[in-house]
Amino acid sequence: AYSGFMDNTQTLKTALDDMLQSKGISTLFIAGIATDVCVQWTATDALGPNTANYDVKVIKDATAAVLGSEENYKAAIGTMAAAGAEILTTADVLAMQC
């Protein structure tokens, strides 16, 4: 599966949502490879109707698209932002108060 939350058919959930809820986690900072696959699917699933109500923050300069495709990268960032994810940089995250 591409998403940390669901299989690719959107019919089976992983244990991640239940685990996060049981720990009271509601804000997710998402980074990794690949922006246009795993990062995008995980972020959009976290914002979708099949999971808890998460505040999703994607760290855009801590991700990379498959084969370095800038077009796919920009499209994925746009998709996640349109779904409700806040798009941040690592500098934004490091400047946050803990």
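None of the values given here were measured: they were computed from a predicted structure.

**Brief notes about the nonpolar core**
Among the nonpolar cores identified, the biggest contains 18 residues, and Phe5, Leu28, Tyr54, Val56, Val58 and Met80 are the most heavily contacted of them. Here this core takes four residues from helix α3 (residues 70-83), the largest share from any one element.

**Side note on the pattern of salt bridges**
By the definition in use, this model includes three salt bridges. Across the pair Asp17 and Lys13 runs a salt bridge, and its minimum N-O distance is 2.7 Å. Residue class for Asp17 comes out buried when judged on its relative accessible area of 2%. We note a salt bridge from Glu86 to Lys57, for which the minimum N-O separation is 2.7 Å. One end of the pair, Glu86, is in strand β3 (residues 86-88); the other, Lys57, is in strand β2 (residues 55-64), with 29 residues separating them in the sequence.

**Comments concerning α3**
Think of an α-helix as turning once every 3.6 residues; residues three or four places apart then point the same way. With 14 residues, α3 should reach 20 Å at 1.5 Å per residue; the first-to-last C-alpha distance of 20 Å fits that figure. Where α3 is concerned, the buried positions are Tyr73, Ala76, Ile77 and Met80. On an axial view of α3, the arc spanned by its buried residues comes to 100°, and they lie on one face. Opposite its buried face, α3 presents the exposed residues Glu71, Lys74 and Ala82, each directed more than 90 degrees away. Of the surrounding elements, those touching the buried residues of α3 are α2 (35-46), β2 and β3. Backbone geometry just after α3 places Gly84 at a positive phi near 120°.

**Topic: the packing of aromatic side chains**
Scanning the entire structure with this criterion turns up two aromatic pairs. For the pair Tyr2 and Trp41, a centre-to-centre distance of 5.3 Å together with 70° between the ring planes defines the contact as edge-to-face. Placement of the pair is Tyr2 in the segment before α1 (16-22) and Trp41 in helix α2, with a sequence separation of 39 residues. Residue Tyr2 is classed as partly exposed on the basis of its relative accessible area of 40%.

**Some details on the sheet that holds β3**
The three strands lie next to each other as β1-β2-β3, forming an open sheet whose pairing is parallel. At either end of the open sheet lies a strand with only one pairing partner, and these are β1 (27-33) and β3. The mean angle between the axes of side-by-side strands here comes to 30°, regardless of whether they run parallel or antiparallel. Sheet topology note: the β2/β3 ladder contains three bridges and is parallel. When the sheet's bridge partners are listed, Ile59 is paired in β3 with Leu88. On the sheet, α2 packs against β1 and β2 and is oriented at approximately 165° with respect to β1. α3 rests against β2 and β3 of the sheet, and its axis sits at about 170° to β2.

What counts, and where the lines are drawn
- Residues numbered from 1 in each chain as written.
- Predicted model: local features only at pLDDT ≥ 70, side-chain atom pairs only at ≥ 80, totals over all residues.
- Heavy atoms only, no water.
- Core = buried A, V, L, I, M, F, W, Y, C linked by side-chain atoms within 4.5 Å.
- Buried < 20%, exposed > 50% of the residue type's maximum accessible area, 1.4 Å probe, protein only.
- Helix = DSSP H or I, 4+ residues; strand = E, 2+ residues; numbered from the N terminus.
- Salt bridge = Lys/Arg side-chain N within 4 Å of Asp/Glu carboxyl O.
- Expected span 1.5 Å × (residues − 1).
- Arc of directions from axis to C-beta.
- Contact = heavy atoms within 4.5 Å.
- Phe/Tyr/Trp six-rings, centres within 6.5 Å; stacked < 30°, edge-to-face > 60°.
- Pairing = 2+ DSSP bridges.
- Axes fitted to C-alpha atoms, helices over the stretch in contact; angles between N-to-C directions.

Function-wise, these values are silent; they only describe arrangement.
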